Amino acid sequence: MSTNDTVNYANIPVHIGFIMDGNGRWAKARNLLRTQGHNAGVEALEKIVRHCRDIGVRCVTFYVFSTENWLRPKAEVDHLMNLFSSYMDKIIKEINSGKMKTFKDSSIRFIGDMSAFSDDFQEKLKYIEEKTAENGNEFIVNLAVNYGGRAEIIHAVNEFINANPNKLITETDISEKLYTGGLPDPDLIIRTAGESRLSNFLLWQASYSEIYITPVCWPDFTPDELAKAIIDYNKRTRKFGGLVE
Ligand code: FPP
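As a starting point, this report considers the structure included with it. Not measured: the values here are computed from a predicted model. (Residues numbered from 1 in each chain as written. Predicted model: local features only at pLDDT ≥ 70, side-chain atom pairs only at ≥ 80, totals over all residues. Heavy atoms only, no water.)

Quick notes on the overall build of the protein chain
No. 1: Within the protein chain, the secondary structure is distributed over seven helices and six strands.
No. 2: Helices and strands appear in the protein chain in the N-to-C order β-α-α-β-α-β-α-β-α-α-β-β-α.
No. 3: Here the C-alpha atoms of the protein chain give a radius of gyration of 18 Å, agreeing with the 18 Å that 2.2 N^0.38 yields for 245 residues.
No. 4: Its C-alpha atoms give the protein chain principal-axis dimensions of roughly 55 × 50 × 40 Å.
No. 5: Each of the 245 residues in the protein chain was classed as buried or not, and the buried ones make up 46%.
No. 6: Here the protein chain displays about 13000 Å² of accessible surface, and carbon together with sulfur accounts for 50% of that area. (Helix = DSSP H or I, 4+ residues; strand = E, 2+ residues; numbered from the N terminus. Rg over C-alpha atoms; globule rule 2.2 N^0.38 Å. Buried < 20%, exposed > 50% of the residue type's maximum accessible area, 1.4 Å probe, protein only. Areas by Shrake-Rupley, 256 points an atom, 1.4 Å probe, with all protein chains shown as cover.)

A closer look at the sheet that holds strand β4 (residues 140–147)
No. 1: Read across the sheet, six strands follow the order β3-β4-β2-β1-β5-β6 without closing on themselves; strand pairing throughout is parallel. Where the open sheet ends on each side, the last strands, each with one partner, are β3 (107–111) and β6 (210–213). Looking at each pair of strands side by side, their axes are set apart by 20° on average, direction ignored.
No. 2: In terms of strand pairing, strand β5 (residues 188–191) meets β6 through four bridges, oriented parallel. Each bridged residue has a counterpart across the sheet, and for Leu188 the counterpart in β6 is Glu210.
No. 3: The strands that helix α2 (residues 34–55) touches are β1 (15–19), β2 (59–66) and β4; relative to β2, the one it contacts most, it runs at about 160°. (Pairing = 2+ DSSP bridges. Axes fitted to C-alpha atoms, helices over the stretch in contact; angles between N-to-C directions. Contact = heavy atoms within 4.5 Å.)

Considering the site of the ligand
No. 1: Around the ligand, the surrounding shell holds 19 residues, and the nearest of these are Met20, Gly24, Arg25, Arg34 and Arg72.
No. 2: In this structure, an oxygen atom belonging to the ligand sits 3.2 Å away from a main-chain N or O atom of Asn23.
No. 3: At 3.0 Å, a backbone N or O of Gly24 approaches an oxygen atom of the ligand.
No. 4: Compared with its free state, where it exposes 630 Å², the ligand has 92% of that area covered by protein.
No. 5: Cavity membership is defined here by more than half of the atoms lying within 2 Å of grid points; on that basis the ligand lies in the largest pocket.
No. 6: Among the elements that take part in the shell around the ligand, α2 stands out by supplying five residues, more than any other.
No. 7: For the shell around the ligand, the class distribution of residues is eight nonpolar, six polar and five charged. (Near = heavy atom within 4 Å. Polar contact = N/O pair within 3.5 Å; in protein donor to acceptor, adjacent residues only side chain to side chain. 1 Å grid on protein atoms, 1.4 Å probe; cavity = no way out; pocket = protein on both sides within 12 Å on 5 of 7 lines; lining within 4 Å. Sits in = over half its atoms within 2 Å of the grid points. Nonpolar A, V, L, I, M, F, W, Y, C, P; charged D, E, K, R; others polar.)

Re helix α3 (residues 74–97)
No. 1: With 24 residues, α3 should cover 34 Å at 1.5 Å per step; its first-to-last C-alpha distance of 34 Å lies within 8% of that length.
No. 2: A positive backbone phi angle near 75° is found at Gly98, which sits one or two residues after α3. (Expected span 1.5 Å × (residues − 1).)

Structure (structure tokens):
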């Protein structure tokens, strides 16, 4: 990228997925606890949500907690769950006071298997979804929690088979039954902290996503870093398996 490159606002990705990796490494480099890295990760998420809405992205999906993250040490799993839970309480307070900040004008959705959570907590998540749905579909924020791409595909197939026992399933059927049913596939998936893998994130939806990997750890992923990713995306030729003249 040359220093003169700027974002082409006429070619902004409609949907961006974020694999927010590197909270632990960010903390370690600063002699902080891993949990402090996750706390800093929430602040980075907030800045990116606001910026995406400001520049006209229509949908963002954040990989908050995977089906495999339960394998982490209990203290870290507990911290991530407490962080998520207290953050949801903060959002509910904002909704009830009529003063949404980061998620102003956003429709928040949770993607993943929510049955792992208590009934009370599931009710809170449903409340957030229902109340923020009143903001319309201009800007959708998906939070992937207890999410796994393979589990999502299995869930979609089973939903379809249960409803249509004697029919052959099609690609459209699967897309519609995914947690992201009705949303466009991500145009761009950004992974921070340098690893080159999808780690079970949006496996079906990522078929033709452009992938951008940056060495920057998630807590340091600022709107300027996002601009670099979009400038890179602007230069990609998207062929979707076909030919482009
Ligand atoms: C990966 O970093 C990050 C996670 C497993 C959690 C991501 C969660 C957040 C950024 C917090 C978002 C939370 C809310 C409440 C919306 P890592 O721990 O694997 O980092 P490392 O690979 O450097 O160890």
